[in-house]
Amino acid sequence: MPKLRINDREIEVPEGTSVLDAIFHAGYDVPYFCSERHLSPIGACRMCLVKVGAPRKGKDGDWIRDEEGNPRIFWFPKLMAACTTRATEGMVVDTLADEVKKAQAGMVEFHLENHPLDCPTCDKGGACELQDRSYEYGLFEKYYTQTQNGLKTVLYSRFAFTKRHADKHHKLSEFVVLDRERCIHCKRCVRYFEEIPGEEVLDFIERGNHTFIGSEEVPLPAGFSGNITDICPVGALLDLTARFRARNWEFEKTPTVDMNDAFGAAIWVDSRSGRIERIRAREHPETNEIWIADAARFGHGWTVRDRVTAPLIRKDGELVPASLAEAEAYLRERLARVRGEEVGLLLAADGTLEEGYAFAEAARALKADHFGFENATRFPAANLPAARFEELLSAEFALVIGDPAEEMPNLYLRLQEFLKGITPAPRYYHGTPIADLRLEERMPRRKERLAVFAAYPTRLHRFAGIAGVYPPGSAGPLVEALSAILNGKRPEPVPGVPEAELRRVAERFLAAGSRAIVVGAEVLEAPEAAQAVADLARSKGALVFAMPPAAGARGLEAVGLWNPRGPGWEEPGARFLFAFGATPPAEVLASARLRVLALSHLDPQARAHADLVLPAKTFYEKRGYTVNAEGRLLELRPAPTAPMGSMDGLEALAFWLRAMGKKPPAAHYREARERLHERYRLPLDLPEEGFFWRPKLRLAARTGKDEGELFLQPTMWKERMLRDDRVRTALGAPRLRVHPATAKKLGLAQGARVEVATRYGRRDATVALDPSLAEGALLLPAYGRGTGRRVPYRLLVPAGGEA
Amino acid sequence: MGFFDDKQDWLEIVFKNYPPENRRAAVMPLLRKVQQEEGHVSPERVAEIAEILGTTATEVRGVMSFYSYYQAVPTGKYHLQVCATLSCKLAGAEELWDTLRAELGVGPGEVTPDGLFSIQKVECLGSCHTAPVVQVNDEPYLECMNRERLKALLEGLRSGKRLEEIELPGDCGHEVRKEGA
């Protein structure tokens, strides 16, 4: 632990700390543009120049001393970039010297040399690192003002060069636009793509004064591209979904949690005038660090359009707006003599813990047989032990069955860290290190540490030492075979995966000192396999990371919204059905006599079947707890965008129960939370240091087996996001991926347009022959519904098309 | 057909020089091979190289565009490269460039109708003491260039002389004297 002096303060920092972090750790400030948390320090922008000196050791091994006997400080002959200089014992750093100030001011001047003066129309204005640093560290008074005709005008440089002109509206994708004039060549975005998601799709083109950011892979692959808009220190890379929507200080900024997947990534919801305009990543070092997936960032356009703003009652076959009183009367009339057992209570996948608790309690009180939540898997994720995401970094070998990049995108980024062998960084006074010297550009990925199997080649496949593609439905048999090998038994054959391959995995698994198993929805849908994972975790001490398709799965199961025997979200049963937040499959709706749906948006199935629709809040607008995949308690906070009168699950359930003449278990989130506190000892307010809720559960698994042939492939994008034109354009027509041999059998031709009908509705798709799939495979993007399942389907060929 | 399809043996030898897990380190020799044989590196070749190296076309283009040696479009038989960095600029590289453009009637990325000439501004060629400097193809530098010397050069090349046969008027003060001169 080297001790060093920053200006007047003596500090001690961990070995390997950069001078930049030492300066911030001591409470001083230094400007920087190119450094960024979790990216390699490269010393490109030269903004963090400081005066650095260090003592030297003489030939006798002792410090060289001055006349007074103190170690003599040898100053470096030039100013040093603090981000790439390592803090060493006895070092002395001066950040306040005149020469330092002057050098930093000079660098500001260089950075502004070619930077356009369009701050008033720039989306980054007001939240721009270049703006802030120019004001703080530019020699504003000295160089930048002049008096002209008695007016004080601003000069941005001592030199009168013409600014370089370049492409100002270079669209990199439907979501990201690049302004090449504003770019200051910090290289953050280029390094981000190589170092974080591992796709080199941006690079410097040309060199010197002509350098610009370019890509041959336009549009950028949708997945993790949005993070570059967060880390761009200027307005060069901007979020197109929020382009020109507001100035930064006009946004209402709500810190909440993304509920599109079970990772629980921290987000900022920026809203203005009751509209969600932008989602940004919020730093949470233990979970998503500073990254979120594109779906979480750009998939918010659906919230603003066509909201259900008032109750809708079906009259003469049409849903017509009504007052709340009318809705209440309507419901009272129909629920007056309904017995509790006839009721079905269903909650969307992004339901909060409080909502889950209320639904579970209500179902219990009513003795209802039909209850559950959307996308519940056959095996409850809560039965599996949960490891912290950071613990993954301490593993030596990871076995992945599924597609983390789509099922839980942030876990994919964690797996990239695991591949590079990065361990969590030390925490400083200012938080995450800004210039972490352990990180380098192009760190080799240790492929031998990873084995991946999925029903199709995933993004992770090219990083894995052992990678396989099995026909959909084989995830369960694969896990069971592997478990048999590990337990010294003879495995059953797994279609598409040779036994030798599995033996290699087992060998590496056993050779590793610590192991991790990552399983997706497909495994959770195969109860025996999921149980085998739980057993392996216990007997072999493996860390388990389950990726349930419902964001709140772990918590909802733990509070009792788990119904292994009765019908749930997917199965018909109840005659009086109440669903909050999403529309259950058509057959569930069709079999009920009364269907009340609380929704933020109508969809075709709700339009066809609902008898009463109540306006619902989206997860961005709710308050409550959720439990993420690692068993961490997280808090949702409401963005002020819900239309007047829209309800969260507790309010809507209370509305339903009161109409039945029953008392709701909790009418308000705070009340529900107090119950959670009494029953499960959950904190009333989330403590700063975080809270884990991992009750040891042995819930009975649901029985049943997938019957269909069509595999619903996990996607980070959700059905509701497709309401947004921009998302639809970016994703293109959904592809019905099929192995060429299977296509031949089914009579499908490459590029043919077909309509695929499943229990979740109809979808237009384009046939894509894909020889990388296993034979027999037929894949359609799930967009959230029925993720990881195999379902029966019908193919409808539109008129004029041929298949 | 790909450029490297019939050069698998050559590729194997090249890859032997680099760590097996880091094939993309071989980007330079592959680019050089294409440039030498085809005179420029087309987007198709960039994609092909990326495919061979297991990287993205963006990265190959990033490397390629860094070096003025690699051409993205076909060049003339004589590709004139004018150094336009500081020393040469101060010594009159801009005038030289304007003269060239006027004389040949082409801009960067274009080729004269006779297919003989193309021009390009390049970064420092490292011969500041003999600025301004012009380089033709991969040949030795032409130093202390001025309008007269440039004209003589163009005339010589047009008349089909080899570069070393062309006498440039005036001298730079330190040329290697030819035997017997």
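Note that the coordinates shown come from a computational prediction; the quantities given were computed from them, not determined experimentally. (Residues numbered from 1 in each chain as written. Chains lettered and ligands numbered in written order. Predicted model: local features only at pLDDT ≥ 70, side-chain atom pairs only at ≥ 80, totals over all residues.)

Enquirer: Give me the overall build of chain B: which residues, what numbers.
Expert: Within chain B, the regular secondary structure consists of seven helices and three strands. Along its sequence from the N terminus, chain B presents helices and strands in the succession α-α-α-α-β-α-α-β-β-α. With the C-alpha coordinates of chain B rotated into their principal frame, the extents come out at 55 × 35 × 30 Å. Within the span of chain B, comprising 181 residues, buried residues form 26% of the whole. A separation threshold of at least 6 residues defines the contact pool for chain B, and within that pool the share at least 24 residues apart is 55%. (Helix = DSSP H or I, 4+ residues; strand = E, 2+ residues; numbered from the N terminus. Buried ≥ 20, exposed ≤ 12 C-beta atoms within 10 Å, placed from the backbone. Contact = placed C-beta atoms within 7 Å.)

Enquirer: Explain the interface of chain A and chain B to me, and be specific about the residues and the numbers.
Expert: One frequently used descriptor of interface size is the decrease in accessible area upon assembly of the parts. In this complex, chain A contributes 13 residues to the contact, which on the side of chain B involves 11 residues. By residue class, the composition of the side of chain A that touches chain B is five nonpolar, two polar and six charged. (Nonpolar A, V, L, I, M, F, W, Y, C, P; charged D, E, K, R; others polar.)

Enquirer: Describe in detail helix 6 (residues 93–104) of chain B, supporting the description with residues and values.
Expert: Residues and elements named next belong to chain B. Its 12 residues place the ends of helix 6 16 Å apart at the C-alpha level, agreeing with the 16 Å of an ideal helix rising 1.5 Å per residue. Regarding helix 6, the residues found buried are Ala-93, Leu-96, Trp-97 and Leu-100. Viewed along the axis of helix 6, the buried residues span an arc of 100 degrees, placing them on a single side of the element. Opposite the packed face of helix 6, turned more than 90 degrees from it, sit the exposed residues Asp-98 and Ala-102. Considering only its buried residues, helix 6 is in contact with strand 1 (78–83), helix 5 (86–90), strand 2 (117–122) and helix 7 (147–158). Just beyond helix 6, the residue with positive phi is Gly-105, at close to 70 degrees. (Expected span 1.5 Å × (residues − 1). Arc of directions from axis to C-beta.)

Enquirer: So, the sheet that holds strand 3 (residues 134–136) of chain B: which residues are in play, and what are the values?
Expert: Residue and element names in this part refer to chain B. Pairing in this open sheet of three strands is mixed, and the strands run 2-1-3 from one edge to the other. The open sheet has two edge strands with one neighbour each: strand 2 and strand 3. The average undirected angle you get between the axes of adjacent strands in this sheet is 20 degrees. The pairing of strand 1 with strand 2 spans six bridges and is classified as parallel. Looking at strand 2, one finds that Leu-80 is bridged to Ile-119. (Pairing = 2+ DSSP bridges. Axes fitted to C-alpha atoms, helices over the stretch in contact; angles between N-to-C directions.)

Enquirer: Any details on the domain arrangement of chain B? Residues and values, ideally.
Expert: Looking at the assigned domains, one finds that chain B contains domain 1 (8–66) and domain 2 (78–164). On a C-alpha basis, the centres of domain 1 of chain B and domain 2 of chain B stand 29 Å from each other. (Domains from an automatic or database assignment.)

Enquirer: Lay out the sheet that holds strand 17 (residues 312–315) of chain A in plain terms, naming residues and giving numbers.
Expert: Hydrogen bonding along the main chain pairs the strands of a sheet, whether they run parallel or antiparallel. Residue and element names in this part refer to chain A. On the basis of which strands lie adjacent, the open sheet formed by seven strands has the order 18-17-28-27-26-19-20 and mixed pairing. What marks the edges here is a single partner per strand, and that holds for strand 18 (318–321) and strand 20 (370–373). This sheet shows a mean twist of 15 degrees between the axes of neighbouring strands, independent of strand direction. Of the strand pairs in this sheet, strand 17 and strand 28 (residues 612–615) are connected by two bridges, and their pairing is antiparallel. Residue pairing for strand 28: Leu-312 is matched across the bridge by Val-613. Strands in contact with helix 8 (residues 324–335) are strand 17, strand 26 (576–580), strand 27 (594–599) and strand 28; relative to strand 28, the strand with the most contacts, it is inclined by about 135 degrees. Docked against the sheet, helix 19 (residues 649–659) engages strand 19 (343–347), strand 26, strand 27 and strand 28, running at close to 165 degrees with respect to strand 26.

Enquirer: Go over the nonpolar core with me, naming the residues and quoting the values.
Expert: Core analysis: the largest hydrophobic core is formed by 251 residues, its most contacted members being Leu20(A), Val533(A) and Phe545(A). Not counting residues within four places of it along the chain, the set of residues in contact with Phe545(A) comprises Ala387(A), Leu392(A), Leu411(A), Ala516(A), Val518(A) and Ala629(A). Listed in part, the 19 residues of the second largest apolar core include Leu80(B), Trp97(B), Leu125(B) and Ala131(B). (Core = buried A, V, L, I, M, F, W, Y, C linked by C-beta atoms within 7 Å.)

Enquirer: Outline the domain arrangement of chain A, supporting the account with residue identities and numerical values.
Expert: All names here are of chain A. Looking at the assigned domains, one finds that chain A contains domain 1 (3–96), domain 2 (312–376 + 554–680), domain 3 (381–437 + 444–549) and domain 4 (710–796). One C-alpha centre belongs to domain 2, the other to domain 3, and the line joining them spans 35 Å. Contact with domain 2, which involves seven residues of that partner, is made by 12 residues of domain 3. Here the residues of the side of domain 2 that touches domain 3 sort into two nonpolar, two polar and three charged.

Enquirer: If you had to explain the environment of Leu393(A) to someone new, which residues and values would you point to?
Expert: With respect to the secondary-structure elements, Leu393(A) resides in the loop between strand 20 and strand 21 (397–401). Put simply, Leu393(A) and Arg245(A) are 148 residues apart on the chain and 39 Å apart in space, counted from C-alpha to C-alpha.

Enquirer: Can you break down unusual backbone geometry residue by residue, with the values?
Expert: Cis geometry is adopted by the peptide bond preceding Pro219(A), which originates at Val218(A) and carries an omega value of 0 degrees. Looking at the secondary structure, you find Pro219(A) in the loop between strand 12 (212–214) and helix 6 (227–231). Note that the residue after Ala131(B), namely Pro132(B), is joined by a cis bond; omega there is -5 degrees. Position of Pro132(B) relative to the elements: it lies in the loop between strand 2 and strand 3. Even without glycine at this site, His38(A) takes up a positive phi of about 70 degrees. For His38(A), the location among the structural elements is in the loop between helix 1 (19–25) and strand 3 (49–55). One non-glycine residue, Lys367(A), adopts positive backbone phi at about 60 degrees.

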